[in-house]
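Here are the chains, one letter per residue:
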Amino acid sequence: MDLFTLLALAVALGSDAFSLCVGIGMAGVTRRQIAIISLTVLVFHIFMPLLGWYVGGFLGSKVGQAASIAGALLLVYLGAKMIWDALKPGLEEPRFVITNTGGLLLLSASVSMDALSVGFTLGTRQVSLALAAGVIGMVAGAMTLAGLTLGKFVGGWIGDKAQLAGGVILTGIGIKLFF
């Protein structure tokens, strides 16, 4: 596999994280949250191909389906909560906060499940697994950072409607993951 193909694969795998993080960023995130989320997604996108390589296709498809469903449910919940909070009158504008490690890990796992199956596929190709996993992780981390930063910028630009827009985006992505 040449470097261009590997980069194209990495961008495709990072696109879920980018689009999801635009919605999260629109809801309002701190620099610390941007760094933590970006780093966690980067690490998951490195380890998921490695796990897929070593665990194999059967277990990957079983775990991938369960994590995809859990991730979709999490996104629908977070999006609906953001919409509810945005429409609730008289309260200070809510901010998106990942309140626990479990939520962060589930979020990261949900956007990196496709990298699990890619890891299995990489085992059938002549490719350095360490290089591929590193490139996939770095690109996904950068795309997460870009999505969160863009979302934060757009959120500041559209003001009070950012929470509502972010909620609609997250809910839409969560619903799309079911189909």
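### So, the overall build of the chain
Okay, step 1: Check the secondary structure of the chain and you find 6 helices and 0 strands.
Okay, step 2: The linear arrangement of helices and strands in the chain, starting from the amino end, is α-α-α-α-α-α.
Okay, step 3: Taken across its 179 residues, the chain has 43% of its residues classed as buried.
Okay, step 4: Of all intrachain contacts in the chain linking residues separated by at least 6 positions in sequence, the fraction that spans at least 24 positions is 94%.
Okay, step 5: Split by element, the accessible area of the chain, about 9400 Å² in all, is 72% carbon and sulfur.

### Examining a nonpolar patch on the surface
Okay, step 1: Together, Leu51, Trp53, Tyr54 and Val55 line one region of the surface with nonpolar side chains, adding up to about 400 Å² of accessible area.
Okay, step 2: With respect to the helices and strands, the residue Leu51 is situated in helix α2 (residues 31-55).

### Quick word on helix α1 (residues 3-27)
Okay, step 1: The end-to-end C-alpha distance of α1, which contains 25 residues, comes to 35 Å, matching closely the 36 Å that a straight helix rising 1.5 Å per residue would cover.
Okay, step 2: At Gly14, α1 is deflected by roughly 35 degrees, the largest bend along its length.
Okay, step 3: Two residues or fewer after α1 comes Gly28, characterised by a positive phi angle close to 110 degrees.

### Side note on the nonpolar core
Okay, step 1: Met48, Leu122 and Ile136 are the most contacted members of the largest nonpolar core, which has 18 residues in total.
Okay, step 2: Secondary-structure elements contributing two or more residues to this core are α1, α2, α4 (101-122) and α5 (129-158).
Okay, step 3: The next biggest cluster of nonpolar side chains, apart from the first, holds 13 residues, and it includes Ala17, Leu20, Val111 and Leu148.

### Looking at the environment of Leu129
Okay, step 1: Structurally, Leu129 is set in helix α5.
Okay, step 2: As a C-alpha pair, Leu129 and Gly119 span 10 residues in sequence and 8.0 Å in three-dimensional space.
Okay, step 3: Setting aside residues up to four positions removed in sequence, Leu129 forms contacts with Pro49, Leu50, Trp53, Tyr54 and Leu122.

### Considerations on α2
Since there are 3.6 residues in each turn of an α-helix, residues three or four apart along the chain are aligned in direction.
Okay, step 1: In a regular helix each residue adds 1.5 Å, so 25 residues correspond to 36 Å; α2 covers 35 Å between its end C-alpha atoms and thus fits that length.
Okay, step 2: The set of residues buried in α2 consists of Gln33, Ile34, Ile37, Ser38, Thr40, Val41, Leu42, Phe44, His45, Met48, Pro49 and Gly52.

### What about the environment of Gly155?
Okay, step 1: Relative to the helices and strands, Gly155 resides in helix α5.
Okay, step 2: Given the relative accessible area of 9%, Gly155 is considered buried.
Okay, step 3: Distance in space between the C-alpha atoms of Gly155 and Ala165 is 8.5 Å, their sequence separation being 10 residues.

### Structural notes on the side chain of Thr144
Okay, step 1: If you trace the backbone, Thr144 turns up in helix α5.
Okay, step 2: Classification of Thr144 as buried rests on a relative accessible area of 0%.
Okay, step 3: For Thr144, the side chain forms a polar contact with the main-chain oxygen of Ala140, separated by 2.8 Å.
Okay, step 4: For Thr144, the contacting residues outside a window of four places in its chain are Ala17, Cys21, Ile37, Ser38 and Val41.

Calculation notes
- Residues numbered from 1 in each chain as written.
- Predicted model: local features only at pLDDT ≥ 70, side-chain atom pairs only at ≥ 80, totals over all residues.
- Heavy atoms only, no water.
- Helix = DSSP H or I, 4+ residues; strand = E, 2+ residues; numbered from the N terminus.
- Buried < 20%, exposed > 50% of the residue type's maximum accessible area, 1.4 Å probe, protein only.
- Contact = heavy atoms within 4.5 Å.
- Areas by Shrake-Rupley, 256 points an atom, 1.4 Å probe, with all protein chains shown as cover.
- Patch = residues over 30% accessible without salt bridge, like charges linked within 9 Å, V, L, I, M, F, W, Y side chains within 5 Å.
- Salt bridge = Lys/Arg side-chain N within 4 Å of Asp/Glu carboxyl O.
- Expected span 1.5 Å × (residues − 1).
- Bend = angle between axes of the 7 residues up to and from the residue.
- Core = buried A, V, L, I, M, F, W, Y, C linked by side-chain atoms within 4.5 Å.
- Polar contact = N/O pair within 3.5 Å; in protein donor to acceptor, adjacent residues only side chain to side chain.

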